[in-house]
Amino acid sequence: KQEVTQIPAALSVPEGENLVLNCSFTDSAIYNLQWFRQDPGKGLTSLLLIQSSQREQTSGRLNASLDKSSGRSTLYIAASQPGDSATYLCAVGRGSARQLTFGSGTQLTVLP
Amino acid sequence: GAGVSQSPSNKVTEKGKDVELRCDPISGHTALYWYRQRLGQGLEFLIYFQGNSAPDKSGLPSDRFSAERTGESVSTLTIQRTQQEDSAVYLCASSSQPGASYEQYFGPGTRLTVT
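First things first, this report covers the structure right here in the doc. (Residues numbered from 1 in each chain as written. Chains lettered and ligands numbered in written order. Predicted model: local features only at pLDDT ≥ 70, side-chain atom pairs only at ≥ 80, totals over all residues. Heavy atoms only, no water.)

### Examining the sheet that holds strand β8 (residues 72–77) of chain A
All names here are of chain A.
Here's step 1: With antiparallel pairing, the 5 strands of this open sheet are ordered in space as β1-β3-β8-β7-β6. In the strand order of this sheet, the two ends are held by β1 (4–7) and β6 (56–59), each with one partner. When strand polarity is set aside, the average angle formed by the axes of neighbouring strands in this sheet is 15°. (Pairing = 2+ DSSP bridges. Helix = DSSP H or I, 4+ residues; strand = E, 2+ residues; numbered from the N terminus. Axes fitted to C-alpha atoms, helices over the stretch in contact; angles between N-to-C directions.)

### Re the interface of chain B and chain A
Here's step 1: Taken together, the contact pairs 18 residues of chain B with 19 residues of chain A.
Here's step 2: Counting the surface chain B buries against chain A, the share from its top three residues, B:Leu43, B:Tyr102 and B:Phe106, is 33%.
Here's step 3: Along the contact surface separating chain B from chain A lie 0 salt bridges.
Here's step 4: Run the count over chain B and chain A and you get 4 residue pairs in polar contact (both at pLDDT 80 or more).
Here's step 5: Those elements that provide at least two residues to the side of chain B that touches chain A are β4 (31–37) and β5 (43–50) of chain B.
Here's step 6: Looking at the side of chain B that touches chain A residue by residue, the class counts come to 10 nonpolar, 6 polar and 2 charged. (Contact = heavy atoms within 4.5 Å. Buried area = accessible area lost by both parts, 1.4 Å probe. Salt bridge = Lys/Arg side-chain N within 4 Å of Asp/Glu carboxyl O. Polar contact = N/O pair within 3.5 Å; in protein donor to acceptor, adjacent residues only side chain to side chain. Nonpolar A, V, L, I, M, F, W, Y, C, P; charged D, E, K, R; others polar.)

### What about the packing of aromatic side chains?
Residue and element names in this part refer to chain B.
Here's step 1: Enumeration according to the criterion identifies 8 aromatic pairs over all chains in this entry.
Here's step 2: Aromatic side chains Tyr-33 and Tyr-35 sit 6.1 Å apart centroid to centroid with 25° between the ring planes, which places their arrangement in the stacked category.
Here's step 3: By relative accessible area, Tyr-35 is classed as buried at 0%.
Here's step 4: Summarising the aromatic geometry, the rings of Tyr-35 and Phe-45 are spaced 6.0 Å apart at their centres and angled 70° between planes, so their arrangement reads as edge-to-face. (Phe/Tyr/Trp six-rings, centres within 6.5 Å; stacked < 30°, edge-to-face > 60°. Buried < 20%, exposed > 50% of the residue type's maximum accessible area, 1.4 Å probe, protein only.)

Pasting the structure below:
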(Lines give C-alpha, C1' and ligand atoms only; values in the text may rest on other atoms or scores of the structure.)
Protein backbone atom coordinates (compact mmCIF):
# COMPACT_ATOMS: atom_id res chain seq x y z
CA LYS A 1 0.00 0.00 0.00
CA GLN A 2 1.36 3.40 -1.00
CA GLU A 3 2.07 5.76 1.90
CA VAL A 4 3.00 9.40 1.46
CA THR A 5 4.68 11.35 4.24
CA GLN A 6 5.28 15.08 4.41
CA ILE A 7 7.78 16.74 6.70
CA PRO A 8 7.52 19.08 8.48
CA ALA A 9 3.85 19.11 9.45
CA ALA A 10 4.05 22.84 10.07
CA LEU A 11 6.56 25.53 9.24
CA SER A 12 6.74 29.21 10.08
CA VAL A 13 9.24 31.48 8.34
CA PRO A 14 9.82 35.22 7.99
CA GLU A 15 8.99 36.84 4.68
CA GLY A 16 11.74 36.64 2.08
CA GLU A 17 13.21 33.32 3.16
CA ASN A 18 13.75 30.43 0.78
CA LEU A 19 12.28 27.18 2.03
CA VAL A 20 11.99 23.50 1.20
CA LEU A 21 9.06 21.18 1.82
CA ASN A 22 9.67 17.45 1.78
CA CYS A 23 7.59 14.55 0.56
CA SER A 24 8.42 10.85 0.63
CA PHE A 25 6.54 7.84 -0.70
CA THR A 26 6.98 4.14 -0.11
CA ASP A 27 6.23 2.66 -3.54
CA SER A 28 8.30 4.01 -6.41
CA ALA A 29 5.91 2.62 -9.06
CA ILE A 30 4.23 5.97 -9.58
CA TYR A 31 2.92 7.61 -12.73
CA ASN A 32 3.31 11.20 -11.61
CA LEU A 33 3.56 13.47 -8.58
CA GLN A 34 1.55 16.63 -7.99
CA TRP A 35 2.03 19.44 -5.51
CA PHE A 36 -1.05 21.38 -4.43
CA ARG A 37 -1.83 24.23 -2.12
CA GLN A 38 -4.97 24.34 -0.04
CA ASP A 39 -6.26 27.52 1.51
CA PRO A 40 -8.64 27.32 4.51
CA GLY A 41 -12.15 26.42 3.40
CA LYS A 42 -11.09 26.16 -0.22
CA GLY A 43 -10.37 23.39 -2.68
CA LEU A 44 -6.96 22.36 -3.97
CA THR A 45 -4.94 24.43 -6.41
CA SER A 46 -2.50 22.49 -8.54
CA LEU A 47 0.99 24.00 -8.37
CA LEU A 48 3.26 21.62 -10.24
CA LEU A 49 3.04 18.19 -11.79
CA ILE A 50 6.09 16.01 -12.42
CA GLN A 51 5.85 12.97 -14.63
CA SER A 52 7.67 9.87 -13.43
CA SER A 53 10.24 10.27 -16.21
CA GLN A 54 11.05 13.85 -15.19
CA ARG A 55 13.42 15.14 -12.53
CA GLU A 56 11.99 18.58 -11.86
CA GLN A 57 9.47 21.23 -12.82
CA THR A 58 9.54 24.97 -12.28
CA SER A 59 6.84 27.60 -12.15
CA GLY A 60 7.74 31.10 -11.09
CA ARG A 61 9.19 30.99 -7.58
CA LEU A 62 8.39 27.30 -7.22
CA ASN A 63 10.60 24.37 -8.12
CA ALA A 64 9.70 20.75 -7.52
CA SER A 65 12.11 17.85 -7.83
CA LEU A 66 11.49 14.14 -8.02
CA ASP A 67 13.82 11.26 -7.18
CA LYS A 68 11.63 8.29 -7.91
CA SER A 69 14.18 5.64 -7.01
CA SER A 70 14.57 6.98 -3.48
CA GLY A 71 10.89 7.86 -3.14
CA ARG A 72 11.40 11.56 -2.52
CA SER A 73 10.21 14.90 -3.79
CA THR A 74 10.92 18.42 -2.63
CA LEU A 75 9.09 21.67 -3.22
CA TYR A 76 11.35 24.70 -3.12
CA ILE A 77 9.77 28.11 -2.62
CA ALA A 78 12.02 31.10 -3.27
CA ALA A 79 11.63 34.48 -1.63
CA SER A 80 8.55 33.51 0.36
CA GLN A 81 5.67 35.96 0.73
CA PRO A 82 2.78 36.14 3.23
CA GLY A 83 0.45 35.13 0.37
CA ASP A 84 2.25 31.80 0.23
CA SER A 85 0.73 30.89 3.60
CA ALA A 86 -1.36 27.76 3.04
CA THR A 87 -1.25 24.00 3.44
CA TYR A 88 0.91 22.31 0.81
CA LEU A 89 -0.04 18.81 -0.23
CA CYS A 90 2.02 16.26 -2.10
CA ALA A 91 0.21 13.49 -3.99
CA VAL A 92 1.46 10.57 -6.08
CA GLY A 93 -0.52 9.13 -8.94
CA ARG A 94 -0.51 5.42 -9.61
CA GLY A 95 -2.69 2.61 -10.83
CA SER A 96 -4.70 2.39 -14.03
CA ALA A 97 -6.92 5.21 -12.80
CA ARG A 98 -3.95 7.36 -11.83
CA GLN A 99 -5.75 8.05 -8.58
CA LEU A 100 -3.83 10.21 -6.17
CA THR A 101 -2.52 9.16 -2.78
CA PHE A 102 -2.01 12.23 -0.64
CA GLY A 103 0.31 13.16 2.17
CA SER A 104 -1.11 14.90 5.21
CA GLY A 105 0.36 18.23 4.21
CA THR A 106 2.70 20.91 5.48
CA GLN A 107 1.04 23.98 6.96
CA LEU A 108 3.17 26.97 5.96
CA THR A 109 2.97 30.38 7.59
CA VAL A 110 5.00 33.22 6.15
CA LEU A 111 5.27 36.08 8.61
CA PRO A 112 5.35 39.66 7.29
CA GLY B 1 -12.55 28.68 -18.89
CA ALA B 2 -14.72 27.39 -16.05
CA GLY B 3 -13.15 25.09 -13.52
CA VAL B 4 -14.65 22.16 -11.66
CA SER B 5 -17.78 23.14 -9.79
CA GLN B 6 -19.51 21.36 -6.94
CA SER B 7 -22.84 21.78 -5.22
CA PRO B 8 -23.94 22.33 -2.59
CA SER B 9 -20.97 24.01 -0.96
CA ASN B 10 -22.27 23.03 2.46
CA LYS B 11 -24.75 20.37 3.52
CA VAL B 12 -26.01 19.61 7.01
CA THR B 13 -28.08 16.48 7.37
CA GLU B 14 -29.44 14.29 10.11
CA LYS B 15 -28.03 10.86 10.76
CA GLY B 16 -29.85 8.25 8.71
CA LYS B 17 -30.84 10.55 5.85
CA ASP B 18 -29.61 10.19 2.27
CA VAL B 19 -27.59 12.94 0.58
CA GLU B 20 -26.58 13.68 -3.00
CA LEU B 21 -23.51 15.68 -3.92
CA ARG B 22 -22.98 17.02 -7.42
CA CYS B 23 -19.87 17.63 -9.50
CA ASP B 24 -19.55 19.42 -12.84
CA PRO B 25 -16.13 18.67 -14.36
CA ILE B 26 -14.16 20.87 -16.70
CA SER B 27 -15.66 20.65 -20.18
CA GLY B 28 -13.88 18.05 -22.28
CA HIS B 29 -12.31 16.23 -19.35
CA THR B 30 -13.04 12.54 -19.71
CA ALA B 31 -11.82 11.45 -16.27
CA LEU B 32 -13.58 12.33 -13.01
CA TYR B 33 -12.55 11.48 -9.45
CA TRP B 34 -14.17 11.76 -6.04
CA TYR B 35 -12.08 12.16 -2.89
CA ARG B 36 -12.95 12.63 0.77
CA GLN B 37 -11.11 14.70 3.38
CA ARG B 38 -12.11 14.04 6.95
CA LEU B 39 -11.12 16.46 9.67
CA GLY B 40 -7.47 16.05 10.59
CA GLN B 41 -6.91 13.39 7.95
CA GLY B 42 -5.52 13.30 4.44
CA LEU B 43 -7.53 13.06 1.27
CA GLU B 44 -8.81 9.58 0.41
CA PHE B 45 -9.66 8.38 -3.09
CA LEU B 46 -13.24 7.17 -3.44
CA ILE B 47 -14.16 6.48 -7.07
CA TYR B 48 -12.99 7.14 -10.64
CA PHE B 49 -14.89 7.46 -13.93
CA GLN B 50 -13.25 7.35 -17.36
CA GLY B 51 -15.53 7.90 -20.32
CA ASN B 52 -18.00 5.06 -20.73
CA SER B 53 -15.81 2.48 -18.99
CA ALA B 54 -16.89 0.77 -15.78
CA PRO B 55 -15.98 2.98 -12.82
CA ASP B 56 -13.18 2.11 -10.40
CA LYS B 57 -15.03 1.88 -7.09
CA SER B 58 -12.10 0.52 -5.09
CA GLY B 59 -12.01 3.46 -2.68
CA LEU B 60 -15.65 3.48 -1.62
CA PRO B 61 -15.73 2.83 2.15
CA SER B 62 -19.06 0.98 2.28
CA ASP B 63 -22.04 -0.01 0.18
CA ARG B 64 -23.86 3.07 1.46
CA PHE B 65 -21.74 5.06 -0.98
CA SER B 66 -22.48 5.10 -4.70
CA ALA B 67 -21.82 7.40 -7.61
CA GLU B 68 -23.04 7.89 -11.13
CA ARG B 69 -21.82 9.82 -14.10
CA THR B 70 -23.75 10.63 -17.26
CA GLY B 71 -21.35 10.24 -20.19
CA GLU B 72 -18.51 12.70 -19.75
CA SER B 73 -20.45 15.29 -17.81
CA VAL B 74 -22.03 15.65 -14.40
CA SER B 75 -21.43 13.17 -11.58
CA THR B 76 -23.48 12.57 -8.46
CA LEU B 77 -22.13 10.99 -5.28
CA THR B 78 -24.89 9.50 -3.10
CA ILE B 79 -24.51 8.54 0.53
CA GLN B 80 -27.38 6.52 1.95
CA ARG B 81 -28.28 6.32 5.64
CA THR B 82 -25.62 8.84 6.57
CA GLN B 83 -23.52 8.29 9.69
CA GLN B 84 -21.56 10.82 11.72
CA GLU B 85 -18.29 9.40 10.44
CA ASP B 86 -19.38 10.45 6.94
CA SER B 87 -18.84 14.09 7.95
CA ALA B 88 -16.07 15.36 5.70
CA VAL B 89 -15.28 17.59 2.76
CA TYR B 90 -16.03 15.75 -0.48
CA LEU B 91 -13.83 16.88 -3.35
CA CYS B 92 -14.26 16.22 -7.02
CA ALA B 93 -11.47 16.41 -9.59
CA SER B 94 -11.32 16.05 -13.35
CA SER B 95 -8.55 15.30 -15.78
CA SER B 96 -8.14 15.11 -19.54
CA GLN B 97 -7.05 11.64 -20.68
CA PRO B 98 -5.68 9.58 -22.32
CA GLY B 99 -2.23 10.48 -23.55
CA ALA B 100 -2.19 13.58 -21.38
CA SER B 101 -0.42 14.33 -18.14
CA TYR B 102 -3.32 13.11 -15.97
CA GLU B 103 -3.05 16.36 -14.05
CA GLN B 104 -6.06 16.60 -11.79
CA TYR B 105 -7.99 19.81 -11.25
CA PHE B 106 -10.09 20.05 -8.12
CA GLY B 107 -13.37 21.71 -7.30
CA PRO B 108 -14.02 23.72 -4.12
CA GLY B 109 -15.60 20.76 -2.35
CA THR B 110 -18.83 20.07 -0.48
CA ARG B 111 -18.63 20.20 3.29
CA LEU B 112 -20.96 17.54 4.68
CA THR B 113 -21.94 17.60 8.34
CA VAL B 114 -24.00 14.74 9.75
CA THR B 115 -25.67 15.59 13.05
